[in-house]
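Single-letter residue listing:
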Amino acid sequence: MARSNRFVWTISVALAVLASPAIAATNIIDSTYGIGAGSFELGSFTARGPENYNNFQSLLPTATNLTGWTIGGVGVDWLAAPYYAASDGVHAVDLGYYDAGAGTISTSIATIVGATYNLSFSAAAVPGFSSYTNAGHVNAGSLVAAFAPAFSAPYDFTNQIYTDYSFNFVAQGATTSIVFAADNAGTAYGPVIDNVSASFVSAPNGVPEPKAWAMFISGFGLIGAVARRKRLAQFA
């Protein structure tokens, strides 16, 4: 392959990769820990007991069952269908521990300082006992956001309805922790979260984003091509 053709081929590949919408749409959580990690599908699930207990596992802060996630606070309940509906797949996480208490769950992803990312997730809540609540909050980089999904029908865990949330945050370091927490210290159920996704939005101020880099590379390629034609014309 001639040098000029090889150069053009390299530029074309670079443009295709950098300009691809798939780069921005990639769930960094799944890319880091495995497909399904963002929806709590990965790990070692062991049901708590018989009947409806077959559909959830209580996880204490020392638990490492849930791939890609760290448990905090009092603990959380790892839910499973069919008794507890999920937004994506068959699992979700209840931020209220079974014996009543606010839990937290967190994950860490690699980020670029100053870059903007999108965080999306689904949340649900079911009313019933006074200890069933719907208030929670999430922290990630520059983001501190409260969320409180609308209540589904009383005690209807099988058909609990999820509300979708989406927030942008700016990364403060090379690693960003995404932390979800229940707000009510005595909660026994809720809020429930699922389908968590973090994706790249834009580069830091003053640093070109991928599409801009693609334009720069294309421009360099055109400049190089013109320069080569001029040299060839001089020796023709």
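Each chain carries its own residue numbering, running from 1 in the direction its sequence is written. For a predicted model such as this one, the threshold for reporting local features is a pLDDT of at least 70, and the threshold for listing and counting side-chain atom pairs is 80 or more; totals across whole chains, interfaces and linings nevertheless cover every residue. In computing side-chain properties, one takes all heavy atoms of the structure into account and sets aside hydrogens as well as water.

S.K.: How would you summarise the overall build of the protein if you had to cite specific residues and measurements?
M.R.: Each helix is a run of DSSP H or I of at least 4 residues and each strand a run of E of at least 2, with the numbering of both proceeding from the N terminus. When its secondary structure is counted, the protein shows four helices and 11 strands. For this analysis, residues touch if any pair of their heavy atoms sits within 4.5 Å. The contacts in the protein between residues at least 6 apart in sequence include a share of 74% that link residues at least 24 apart. Split by element, the accessible area of the protein, about 11700 Å² in all, is 60% carbon and sulfur. Here the Shrake-Rupley method, with its probe set to 1.4 Å, supplies the accessible areas, and only the displayed protein chains count as covering residues.

S.K.: Describe the pairing of strand E3 (residues 76–80), with residues and values.
M.R.: Residue exposure (1.4 Å probe, protein chains only): buried if accessible area is under 20% of the type maximum, exposed if over 50%, otherwise partly exposed. Most of E3 sits out of view: five of its five residues are buried. On E3, burial covers both faces: Val76, Trp78 and Ala80 on one face and Asp77 and Leu79 on the other are all buried. Strand pairing follows a simple DSSP-based rule, namely that at least 2 bridges must link the two strands. As defined by bridge partners, strand E1 (residues 56–59) adjoins E3 across four bridges and the pair is classed as antiparallel. Across the sheet, Ser58 pairs through a bridge with Asp77, a residue of E3. For E3 and strand E4 (residues 91–94), the ladder comprises four bridges, and the chain directions are antiparallel. Considered in E4, the bridge of Ala80 is made with His91.

S.K.: Which residues make up the nonpolar core, and what values do they have?
M.R.: Grouping buried Ala, Val, Leu, Ile, Met, Phe, Trp, Tyr and Cys residues that are joined through side-chain atoms within 4.5 Å yields what is termed a nonpolar core. Counting residues in each nonpolar core, the largest one holds 37 residues, and the members touching the most others are Ile105, Phe121, Phe180 and Ile193. Beyond its immediate stretch of four places on either side in the chain, Phe180 contacts Trp69, Leu95, Gly103, Thr104, Ile105, Phe121, His137, Val138, Phe147, Ile193 and Val196. Core analysis: the next-biggest nonpolar cluster, separate from the first, contains 12 residues, Ala92, Val126, Tyr132 and Tyr162 among them.

S.K.: I'd love a proper account of the packing of aromatic side chains, names of residues and values included.
M.R.: Planes of paired rings set the category: under 30 degrees apart is stacked, over 60 is edge-to-face and the rest tilted, where pairs are Phe, Tyr or Trp rings (Trp by its six-membered ring) whose centres lie within 6.5 Å. Counted according to the given criterion, the structure contains 23 aromatic pairs. Considering the side-chain rings of Phe40 and Trp69, the 4.9 Å spacing of their centres and the 45° angle between planes classify their relative orientation as tilted. Remark: Trp69 occurs in the loop between E1 and strand E2 (70–73) and Phe40 occurs in the loop between helix H3 (28–33) and E1; sequence separation between them is 29 residues. Owing to a relative accessible area of 5%, Trp69 belongs among the buried residues under this scheme. For the pair Tyr132 and Tyr189, a centre-to-centre distance of 5.8 Å together with 55° between the ring planes defines the contact as tilted.

S.K.: Explain unusual backbone geometry to me, using residue names and the numbers behind them.
M.R.: A cis amide bond links Ala81 with the next residue in sequence, Pro82, at an omega value of 10°. You can see Pro82 is positioned in the loop between E3 and E4. Residue Gly190 is joined to Pro191 through a cis peptide bond whose omega torsion reads -5°. Relative to the assigned elements, Pro191 resides in the loop between strand E10 (175–182) and strand E11 (192–202). Despite not being glycine, Tyr155 has its phi angle at roughly 60°, a positive value. As for its position among the elements, Tyr155 is in the loop between strand E8 (143–147) and strand E9 (163–170). Backbone geometry places Asn195, a non-glycine residue, at a positive phi of 55°. In this fold, Asn195 is placed in strand E11.

S.K.: Outline the sheet that holds E2, supporting the account with residue identities and numerical values.
M.R.: Within the open sheet, the five strands sit side by side as E2-E5-E10-E7-E8. Their pairing is antiparallel. Every other strand in the sheet has two partners, leaving E2 and E8 as the edge strands with one partner each. With direction set aside, neighbouring strand axes in the sheet form an average angle of 20°. Summarising the sheet, strand E5 (residues 103–110) and E10 pair through seven bridges and their orientation is antiparallel. Within E10, the residue paired with Ser108 across the bridge is Ser177. Only the stretch in contact is used when fitting a helix axis, every axis being a line fitted to C-alpha atoms; angles between N-to-C directions are given from 0 to 180 degrees.

S.K.: Any chance you could break down the confidence of the model for the protein for me, citing the residues and the numbers?
M.R.: Summing up the model confidence of the protein, the mean pLDDT is 83 and the portion of residues at 70 or higher is 75%. Counted against residues more than four places away or in other chains, residues 7–19, with its pLDDT under 50, gives 16 contacts. Summary of the metric used: pLDDT quantifies the predictor's per-residue confidence within the range 0 to 100. Low pLDDT (under 50) marks residues 219–228, which in the prediction has three contacts with non-local residues, meaning those over four places away or in another chain.

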